[in-house]
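Residue-level structural notes
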Amino acid sequence: MRIVALAGGIGGARFLRGLLAAVGPQDEITVIGNTGDDIHLYGLKVCPDLDTVMYTLGGGIHEEQGWGRTDETWSIKAEMKEYGVGPEWFGLGDRDFATHLVRSQMLTAGYSLSQVTEALCVRWKPGVRLLPMSDDRVETHVRITDEQGTRAIHFQEYWVKLHAAVDAEAIIPVGADTAKPAPGVLEALAAADVILFPPSNPVVSIGTILAVPGIREAVAAAPAPVVGLSPIIGGAPVRGMADKVLAAVGVEATAEAVALNYGAAMIDGWLVDTADQASVAAVEAAGIACRAVPLLMTDVEATAEMARAALALAEQVRK
């Protein structure tokens, strides 16, 4: 079975770990990773979502926080602070710095982001084929209004520095409209037996991937069933502040509303948590097959059960 998953960072990575536990060694998993969260810091190219997938599946993630490296130290960041060089609000540990140094050196040498990602995965052996959504530069920005007036800031500043404390007025994937899908992305979607939307942020993770011209169309046209898992349980995001960015695009923070926002032209099946059983009928009335199952990723086996439920629903709605 050839499975393609569109994934953001922590939620996507943890779901993928369960997916790997649920499938057999003969199955092939291709992950199309969000690069809209990418940012340049200290002269280095940082790819938070790609790295979180790579570290999580490769056994190097800091499990408690869900991002960064395990057994991390912070000497470089401390030294940069002594020089008065920031930003202090974004944490790059010493081990993490090494990844960004290697990536930036390879990009400067002329390699594409796809090639660099493949090279980094040789070390981590994540068990999946990890593709960036695009080799072109795309950055998600957020329009806000605060004491400095109305302005657009990088998504990382909004999420990490401001903790989404200010209302997001608009989400702008800068550069997405002229970006091209990375090599292998469209081919993987066309050849897939199943396409999955993990419980990643539907606006700034999966939504940004779909904003790259050609990817949304390829998903919608794919012969494979497309099944998503709700990142919203009981009217609240499981992790993070997805409700803030959903509001910016006019979508209510409910499992039903997220499904309807994707729409029957995009997804064939949708899993909601048992707490949202009441939303099943409305989702199905919109032409999307819907099931209620436990969706809390409490451990790898619970997550594997979620993955099995998604694959089972895919079989039921197979085109």
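Empty space among the atoms becomes apparent when a probe as large as a water molecule is rolled across them. On inspection of all chains with the given rule, the structure shows 1 cavity of 30 Å³ or more. Its boundaries defined by the atoms lining it, the largest cavity holds a volume of some 30 Å³. Every residue lining the largest cavity is listed: Gln 65, Trp 67, Gly 68, Arg 69, Glu 72, Trp 74, Gly 91, Gly 93 and Asp 96. Considered class by class, the residues forming the lining of the largest cavity number 2 nonpolar, 4 polar and 3 charged.

Going through the model one piece at a time under the given rule, you end up with 12 salt bridges. For Glu 139, the salt bridge identified is with Arg 137, shortest N-O distance 2.8 Å. Classification of Glu 139 as buried rests on a relative accessible area of 12%. Relative accessible area serves as the criterion here: at 53%, Arg 137 is assigned to the exposed category. As a salt-bridge pair, Glu 284 and Arg 291 come within 3.0 Å of each other at their nearest N and O atoms. A relative accessible area of 36% places Glu 284 in the partly exposed class. When its relative accessible area of 32% is taken as the criterion, Arg 291 is described as partly exposed.

All chains considered together, the criterion is met by 6 aromatic pairs. An angle of 80° between the planes, with centres 5.9 Å apart, marks the rings of Trp 89 and Phe 90 as edge-to-face. Its relative accessible area of 25% is what places Trp 89 among the partly exposed residues. Three or more aromatic residues joined by ring pairs make a cluster, and in this case those are Phe 197, Tyr 262 and Trp 270. Over the ring of Tyr 55 we find Arg 69, and its NZ or CZ is 5.5 Å from the ring centre.

Turning next to the packing of helix α2 (residues 48-58) against helix α5 (residues 113-124). Where α2 meets α5, the axes come as close as 10 Å, and the angle between the chain directions of the two elements is 20°. By the criterion of interaxial angle, the relationship of α2 to α5 is roughly parallel. Relative to α5, the crossing made by α2 is right-handed. Taking contact as the criterion, the partners of Leu 50, Met 54, Tyr 55 and Gly 58 in α2 are, on α5, Leu 113, Thr 117, Leu 120, Cys 121 and Trp 124. For the contact of α2 with α5, a count of residues per class yields 7 nonpolar, 2 polar and no charged.

Strand-to-strand pairing in sheets goes through backbone hydrogen bonds, with the strands running parallel or antiparallel. Strand order in this open sheet of 3 strands is β7-β6-β8, and the pairing throughout is antiparallel. Each end of this open sheet is capped by a strand with a single partner; those strands are β7 (149-154) and β8 (170-174). Here the strands of the sheet are splayed against their neighbours by 30° on average, with no regard to which way each runs. Where strand β6 (residues 139-146) lies against β7, 6 bridges are found, and the strand directions are antiparallel. Looking at β7, one finds that Val 142 is bridged to Ile 153.

A separate point is the layout of surface pockets. Within this model, the largest pocket holds a volume of roughly 990 Å³. Mapped onto the lining of the largest pocket, the elements with two or more residues apiece are α1 (10-22), α2, α4 (94-108) and α6 (155-161). With 5 residues, α2 is the single largest residue contributor to the lining of the largest pocket. Volume-wise, the second largest pocket comes out at about 230 Å³. Residue lining of the second largest pocket: 13 residues in total, with Pro 202, Val 203, Gly 207, Arg 216 and Asn 261 positioned closest to the centre. Looking at the lining of the second largest pocket, the elements that each hand over two or more residues are β8, α8 (206-211) and α11 (255-262). Class assignment for the residues of the lining of the second largest pocket results in 8 nonpolar, 4 polar and 1 charged.

What counts and how
- Residues numbered from 1 in each chain as written.
- Predicted model: local features only at pLDDT ≥ 70, side-chain atom pairs only at ≥ 80, totals over all residues.
- Heavy atoms only, no water.
- 1 Å grid on protein atoms, 1.4 Å probe; cavity = no way out; pocket = protein on both sides within 12 Å on 5 of 7 lines; lining within 4 Å.
- Points joined across faces, edges and corners; volume = space filled by probe spheres on them.
- Nonpolar A, V, L, I, M, F, W, Y, C, P; charged D, E, K, R; others polar.
- Salt bridge = Lys/Arg side-chain N within 4 Å of Asp/Glu carboxyl O.
- Buried < 20%, exposed > 50% of the residue type's maximum accessible area, 1.4 Å probe, protein only.
- Phe/Tyr/Trp six-rings, centres within 6.5 Å; stacked < 30°, edge-to-face > 60°.
- Lys NZ or Arg CZ within 6 Å of the ring centre and 35° of its normal.
- Axes fitted to C-alpha atoms, helices over the stretch in contact; angles between N-to-C directions.
- Helix = DSSP H or I, 4+ residues; strand = E, 2+ residues; numbered from the N terminus.
- Parallel < 35°, antiparallel > 145°, perpendicular 65-115°, else oblique.
- Left-handed = near helix turned anticlockwise from the far one by under 90°.
- Contact = heavy atoms within 4.5 Å.
- Pairing = 2+ DSSP bridges.

Purely spatial values, then, with no claim about function.
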